[in-house]
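One-letter residues, chain by chain:
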Amino acid sequence: MKKIMPYAALLLAAACRNAAGPSQGEGPGGPAVVWFNGLSATIDAYYTEADSLVTGAWYTGSSPNHMVSIGGGRFAVLSSLDAELRVTGTAETGSWETTALLPQGTNPYSMAVSGDTAWVSLLLADSVVRVSLTTGEVSGGFSTRNNPSGIACSGDLVFVSYSNWPETSSPGGVSVFRSDTGEETRWLNTGVNTHWLAMQPSGNLHCYSTTYQNDGAITVLNAQPPYLEISSFMCGGAPGEAVLANGSFISPDGWGEGGLIVYDEAGNWERIELDTACVGLAFHGGKIYATSFGENRVYVLDPETFETTLWMQSGGEGPQGIVAVDP
């Protein structure tokens, strides 16, 4: 097992809910890698074919927390303190196609997208809501256990995981809900503070747990009844949502012990040492793009050697969530 570099930095910040965005303009076009700067409430976009970095391309709501690519050159970003979900495309910068206003004070944590629908976990409201990505309408939803954080969906099922804040007695784990009725049909024990979920390309659900005491764990579950556990292993640190690159899943551990956790669904894993602490990853065009919160940089890594091939300065403070967006 390879030794990793220690790293510890966790900052909080807030921005104005009604902050004006940058001037609207035409983007360079083509595929892009897009990331949000959590402490500045801005989004940068690197257009890969044009080799063009546009910094401050959009303003988000206060404290952006999660970002997903939703197809067709579009992406969505969720802001926790302003309780907003915004949608736009990379063809133009500065403006948003859709803005959904979620209940204030609910601290939306993460989202899962299926077609035109986003399911959003509301950490401080112990519930999940349904949002139209086209109209921004917030409709339906259901109650959950305490501290809903991670969320994923598959067919008519919605998976919700639980953190250990603000209700510290939460056992973590994952609930399985029916999307049509909101009925909880199963609870799966994946450990305390299962804070992120990811429905991976394999069709399996990956669950990421940690109490930030070097006790991180990754659990791989079949996403169909009876939700059999495929593998589970203690990897230490604080594993984040992994990307699939060249047949391996790669998880950033920038909030834990640093470096990367490289694993497969059989439970084989190793740690990779890096010179920086990466908190978010995207795989695009045969390259790994990694956000470094503490250095305000985005690194480009070789997926075989994990060596840095180049880096870009972010246009704001605290780059975090990052996704690849194809036209």
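All figures in this text were calculated on a predicted structure; none of them were measured in a lab.

Draft legend 1. Quick look at the overall build of the protein chain. Secondary structure assignment for the protein chain yields zero helices and 30 strands. Taken over the C-alpha trace, the protein chain has a radius of gyration of 18 Å; the compact-globule value for 327 residues is 20 Å, and the two agree within 12%. When the backbone C-alpha atoms are referred to their principal axes, the protein chain occupies close to 50 × 45 × 30 Å. For the protein chain, the residues scored as buried account for 55% of the 327 residues in total. Here the analysis covers contacts within the protein chain between residues at least 6 apart in sequence; of these, 44% occur between residues at least 24 apart. With an accessible surface of roughly 13000 Å², the protein chain has 47% of that area assigned to carbon and sulfur atoms.

Draft legend 2. Quick look at the sheet that holds strand β29 (residues 308-313). Spatially, four strands are ordered β26-β27-β28-β29 in an open sheet, and the strand pairing comes out antiparallel. Strands at the two margins of the open sheet, each flanked by one partner only, are β26 (280-284) and β29. Taking each pair of neighbouring strands and ignoring which way they run, the sheet shows an average axis angle of 20 degrees. Direction of pairing for strand β28 (residues 297-301) relative to β29: antiparallel, over a ladder of five bridges. Looking across to β29, one finds that Leu301 is bridged to Thr308.

Draft legend 3. Summary view of the packing of aromatic side chains. All told, the structure shown has twelve aromatic pairs when counted by the stated rule. When the centroid spacing of 6.0 Å and the interplanar angle of 40 degrees are considered together, the rings of Trp119 and Phe142 count as tilted. Here the residue Trp119 occupies a position in strand β11 (residues 117-122), and Phe142 occupies one in strand β13 (residues 138-143), the gap between them amounting to 23 residues. Just as Trp119 is buried, Phe142 falls in that class too. Each ring, one from Phe249 and one from Tyr263, has its centre 5.5 Å from the other, and the planes form 25 degrees; the classification is stacked. Of the two residues, Phe249 is situated in strand β23 (residues 248-252) and Tyr263 in strand β24 (residues 260-263); the sequence distance between them amounts to 14 residues. Taken as a pair, Phe249 and Tyr263 share a single burial class, namely buried. An aromatic cluster is built from Phe233, Phe249, Tyr263 and Trp269, whose rings are joined through pairwise contacts. When the ring centre of Trp311 is taken as reference, the NZ or CZ atom of Arg297 above it lies at 3.5 Å.

Draft legend 4. Region of the structure containing the sheet that holds strand β25 (residues 269-272). Across the sheet, four strands lie side by side as β22-β23-β24-β25; this open sheet has antiparallel pairing. In this open sheet, the two strands that pair with only one neighbour each are β22 (243-245) and β25. Mean inter-strand twist for the sheet, computed between neighbouring axes without regard to direction, equals 30 degrees. As paired strands, β23 and β24 are joined by four bridges and run antiparallel to one another. Its bridge partner lying in β24, Ser251 is registered against Ile261.

Draft legend 5. Inspection of unusual backbone geometry at higher detail. Residues Trp165 and Pro166 are joined by a peptide bond in cis, for which omega reads 5 degrees. Among the secondary structure elements, Pro166 is positioned in the loop between β15 (157-162) and β16 (174-178). Of note, the amide linkage connecting Pro225 to Pro226 takes the cis form, showing an omega dihedral of 10 degrees. For Pro226, the position within the fold is in the loop between β20 (217-222) and β21 (229-234). In this structure, Asn296 is a non-glycine residue whose phi angle is positive, near 55 degrees. Within the secondary structure, Asn296 sits in the loop between β27 (287-292) and β28.

Draft legend 6. Fine view of the pattern of salt bridges. One pass over the full model with this rule turns up six salt bridges. The salt bridge involving Arg74 is made with Glu97; its shortest N-O contact spans 3.3 Å. One end of the pair, Arg74, is in strand β6 (residues 74-79); the other, Glu97, is in the loop between β8 (92-93) and β9 (98-101), and 23 residues separate them in sequence. The class of Glu97 is partly exposed, set by a relative accessible area of 49%. For Arg178, the salt bridge goes to Asp180, with nearest N and O atoms at 2.7 Å. Under the relative-accessibility criterion, Arg178 is labelled partly exposed at 28%. Note on Asp180: relative accessible area 52%, which makes it exposed.

The rules behind these values
- Residues numbered from 1 in each chain as written.
- Predicted model: local features only at pLDDT ≥ 70, side-chain atom pairs only at ≥ 80, totals over all residues.
- Heavy atoms only, no water.
- Helix = DSSP H or I, 4+ residues; strand = E, 2+ residues; numbered from the N terminus.
- Rg over C-alpha atoms; globule rule 2.2 N^0.38 Å.
- Buried < 20%, exposed > 50% of the residue type's maximum accessible area, 1.4 Å probe, protein only.
- Contact = heavy atoms within 4.5 Å.
- Areas by Shrake-Rupley, 256 points an atom, 1.4 Å probe, with all protein chains shown as cover.
- Pairing = 2+ DSSP bridges.
- Axes fitted to C-alpha atoms, helices over the stretch in contact; angles between N-to-C directions.
- Phe/Tyr/Trp six-rings, centres within 6.5 Å; stacked < 30°, edge-to-face > 60°.
- Lys NZ or Arg CZ within 6 Å of the ring centre and 35° of its normal.
- Salt bridge = Lys/Arg side-chain N within 4 Å of Asp/Glu carboxyl O.

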